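# Chains, contacts and geometry: an overview
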Amino acid sequence: MNERRHPMSDADRKWMRRNGITFPHNWKEMPPRSGSTGYIVDILLYEFFGITDLDFSHFDGLQILDIGAGSHLNRAQAQPTFARTCAGNGARVVVTDILPQSEPDARLFDGVVTGDLITPVLQGRFAQLPEFAGRTFDIIHSSGLINFIPDPMFSNTLDALGIKEDSFARLLTEQAGSMLVKNGVMYLGGYLYRKIDNELKLTKSFD
Ligand SMILES: C[S@@+](CC[C@H](N)C(=O)[O-])C[C@H]1O[C@@H](n2cnc3c(N)ncnc32)[C@H](O)[C@@H]1O
């Protein structure tokens, strides 16, 4: 945990400990029930830096966006584990989710967007949300929301609106990708992109 960047009060520390929240420094320290987070962290670090030493301290100082990050108010499998792991290792993390973040998480993160993301994406204004003003991101991450293992609530909402997941994913990829720095990397539900020459290139797919 990077104490300098994220000074936490004793009360926050106690809350985190009581809720089993730890800040792993490498893949082996990932807590139980953190699903594929450790694996995805490794993929992103490898893509961004070309390193394979599994040391999460490489996140220090990076600007990260986590879309459909999860929330403590959600079920155990939908906690903001990726965002906590990055923020706990010194990254500046902005999270978006339809559910609000609990107070200690909200303080740990550098920005919190609470609300449905379907409408802003369909209206083409996701990247214009006020919380993103003046920000760009080194890494953008979204797991468990679309494509590979989609969130059931999310898929049902798209179905009810008559929107195909593929078309929505394309819009989200384009709009989120516009906030990526040069050479930045984006993992969106099993698809990995890199910004090369100001264009988003699909570099790998995991589904
Ligand atoms: C399965 S969880 C994934 C959590 C985390 N990213 C992970 O990989 O463990 C999906 C998240 O998407 C959020 N979500 C569902 N529908 C949404 C919507 N319309 N807008 C924003 N977030 C939504 C849920 O609240 C939930 O936290």
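Overview of the structure. All of these numbers come straight from a predicted model, not from anything done at the bench. (Residues numbered from 1 in each chain as written. Predicted model: local features only at pLDDT ≥ 70, side-chain atom pairs only at ≥ 80, totals over all residues.)

### Things to note about the environment of D151
This is how the line gets drawn: Put simply, DSSP H or I for four residues or longer makes a helix, DSSP E for two residues or longer makes a strand, and each gets a number counted from the N terminus. Any residue whose C-beta has 12 or fewer other C-beta atoms within 10 Å is treated as exposed, any with 20 or more as buried, and any in between as partly exposed, C-beta atoms being built from the backbone. We call two residues in contact whenever the C-beta atoms placed from their backbones are within 7 Å.
Relative to the helices and strands, D151 resides in the loop between β4 (137-142) and α6 (152-160). D151 gets classed as partly exposed once you count the C-beta atoms within 10 Å, which come to 18. Each C-alpha atom, one on D151 and one on G68, is 9.1 Å from the other, the two residues being 83 residues apart in sequence. Each residue touching D151, except ones within four places of it in the same chain, is listed here: G68, G144 and L145.

### So, the pairing of strand β6 (residues 191-196)
To keep things clear, this is the line we draw: Being paired, for any two strands, means DSSP has found at least two bridges between them.
Where strand β5 (residues 180-188) lies against β6, 4 bridges are found, and the strand directions are antiparallel. Looking at β6, one finds that M186 is bridged to Y193. The antiparallel pairing of β5 with β6 creates a hairpin that spans 2 residues between the two strands, and G189 there sits at a positive phi of about 50°. Of the pairings in the sheet, the one linking β6 to strand β7 (residues 199-205) comprises 6 bridges and is antiparallel in character. Bridging from a neighbouring strand, Y193 pairs with L202 of β7. The hairpin turn running from β6 into β7, its antiparallel successor, is 2 residues long, and D197 in that turn takes a positive phi close to 50°.

### Points about helix α1 (residues 10-18)
When you tally the buried positions in α1, you get 0 out of 9 residues, a small fraction of the element. After α1 finishes, the residue G20 shows a positive phi value of roughly 70°.

### So, the pairing of strand β2 (residues 92-97)
Formally: We call a crossover right-handed when, viewed with the strands running away from us, the connection from the first strand over the helix to the second turns clockwise.
Burial of β2 is extensive: 6 of the 6 residues sit out of reach of the surface. Burial along β2 is two-sided: R92, V94 and T96 and V93, V95 and D97, pointing in opposite directions, are all buried. One ladder, built from 5 bridges, connects strand β1 (residues 63-67) with β2; its direction is parallel. Residue pairing across strands places D66 opposite V95, the latter belonging to β2. In this region the chain leaves β1, passes through helix α3 (residues 81-88) and returns to the parallel neighbour β2; the handedness of that crossover is right-handed. In terms of strand pairing, β2 meets strand β3 (residues 111-114) through 4 bridges, oriented parallel. Its bridge partner lying in β3, V94 is registered against G111.

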